[in-house]
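Here are the chains, one letter per residue:
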Amino acid sequence: MKVSDILRIKGDTVHTVLSWNTIAEAATRLAGPPAIGALVVSDDGRRERVDGIVSERDIVRRLAADGAGLLDLTVADVMTRHVVTCSPEDSLAEAMGLMNRWRHRHLPVVDGGRLVGMISIGDVVKQRLAEMSTEAGVLRDIYLASH
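Residues numbered from 1 in each chain as written. Predicted model: local features only at pLDDT ≥ 70, side-chain atom pairs only at ≥ 80, totals over all residues. Heavy atoms only, no water.

## Some points on the side chain of Ser120
(1) Moving on: For Ser120, the location among the structural elements is in strand β5 (residues 114-120).
(2) Moving on: The buried category is assigned to Ser120, whose relative accessible area is 16%.
(3) Moving on: Residues within four places of Ser120 in sequence aside, it is in contact with Met99, Arg105 and His106. (Helix = DSSP H or I, 4+ residues; strand = E, 2+ residues; numbered from the N terminus. Buried < 20%, exposed > 50% of the residue type's maximum accessible area, 1.4 Å probe, protein only. Contact = heavy atoms within 4.5 Å.)

Shown next as structure tokens:
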């Protein structure tokens, strides 16, 4: 199973934000609808590049440090600039490894430098559970057929 398989199921919608938007605007976008956990920062407006990512976690951590004044800061003040990404051709195991190593819950999917989707840890777990269910069914059928 590859990252592209997840994108085929869930779609390639990526919610983006501009680096000069306020955190208040970003928080409103995160709250939805639809409720999402992270926004990709892409200032070109065409998803040609990933300039950063801002997540609920980033905002909560800065809120603890800065208080309510955080809402007036810009996304650029809070975003993660070093964005870990994956490719549509990466396996789910590779994506899970990146998420685990870097402690990220969201991975932008980049193909040829262009943002083509986003996967979350929830997407990966859901797909892995579906695979495990299928594997268990096949093993059960093999066992029953052999007895």
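## Considering the pairing of strand β2 (residues 38-41)
(1) Moving on: What you see with β2 is no split at all: Ala38 and Val40 on one side and Leu39 and Val41 on the other are buried throughout.
(2) Moving on: Taken together, the two bridges between strand β1 (residues 16-17) and β2 define a ladder with parallel strand orientation. Considered in β2, the bridge of Thr16 is made with Val40.
(3) Moving on: Read as a crossover between parallel neighbours, the route from β1 over helix α2 (residues 23-31) to β2 is right-handed.
(4) Moving on: Sheet topology note: the β2/strand β3 (residues 52-55) ladder contains four bridges and is antiparallel. (Pairing = 2+ DSSP bridges. Right-handed = clockwise from strand over helix to strand, strands pointing away.)

## Points about the layout of surface pockets
(1) Moving on: Estimates place the volume of the largest pocket at around 270 Å³.
(2) Moving on: If you go around the largest pocket, you meet 17 residues; those closest to its centre are Ser55, Arg57, Arg103, His104 and Arg105.
(3) Moving on: For the lining of the largest pocket, the elements supplying multiple residues, two or more each, are β3 and α3 (56-66).
(4) Moving on: Of all the elements, α3 adds the most residues to the lining of the largest pocket, at four residues.
(5) Moving on: Grouping the constituent residues of the lining of the largest pocket by class yields five nonpolar, six polar and six charged.
(6) Moving on: Approximately 230 Å³ is the volume attributed to the second largest pocket.
(7) Moving on: Every residue lining the second largest pocket is counted, 15 residues in all, and those nearest its centre are Lys10, Thr13, His15, Ile36 and Met118. (1 Å grid on protein atoms, 1.4 Å probe; cavity = no way out; pocket = protein on both sides within 12 Å on 5 of 7 lines; lining within 4 Å. Points joined across faces, edges and corners; volume = space filled by probe spheres on them. Nonpolar A, V, L, I, M, F, W, Y, C, P; charged D, E, K, R; others polar.)

## A look at the packing of helix α5 (residues 92-102) against helix α6 (residues 121-146)
(1) Moving on: It is at 11 Å that the axes of α5 and α6 come closest, and there the two elements cross at 140 degrees. Classed by the angle they form, the pair α5 and α6 counts as oblique. Crossing handedness for the pair α5 and α6: left-handed. Contact residues: Leu92, Met96 and Met99 in α5; Ile121, Val124, Gln127 and Glu131 in α6.
(2) Moving on: Class assignment of the residues belonging to the contact of α5 with α6 gives a composition of five nonpolar, one polar and one charged. (Axes fitted to C-alpha atoms, helices over the stretch in contact; angles between N-to-C directions. Parallel < 35°, antiparallel > 145°, perpendicular 65-115°, else oblique. Left-handed = near helix turned anticlockwise from the far one by under 90°.)

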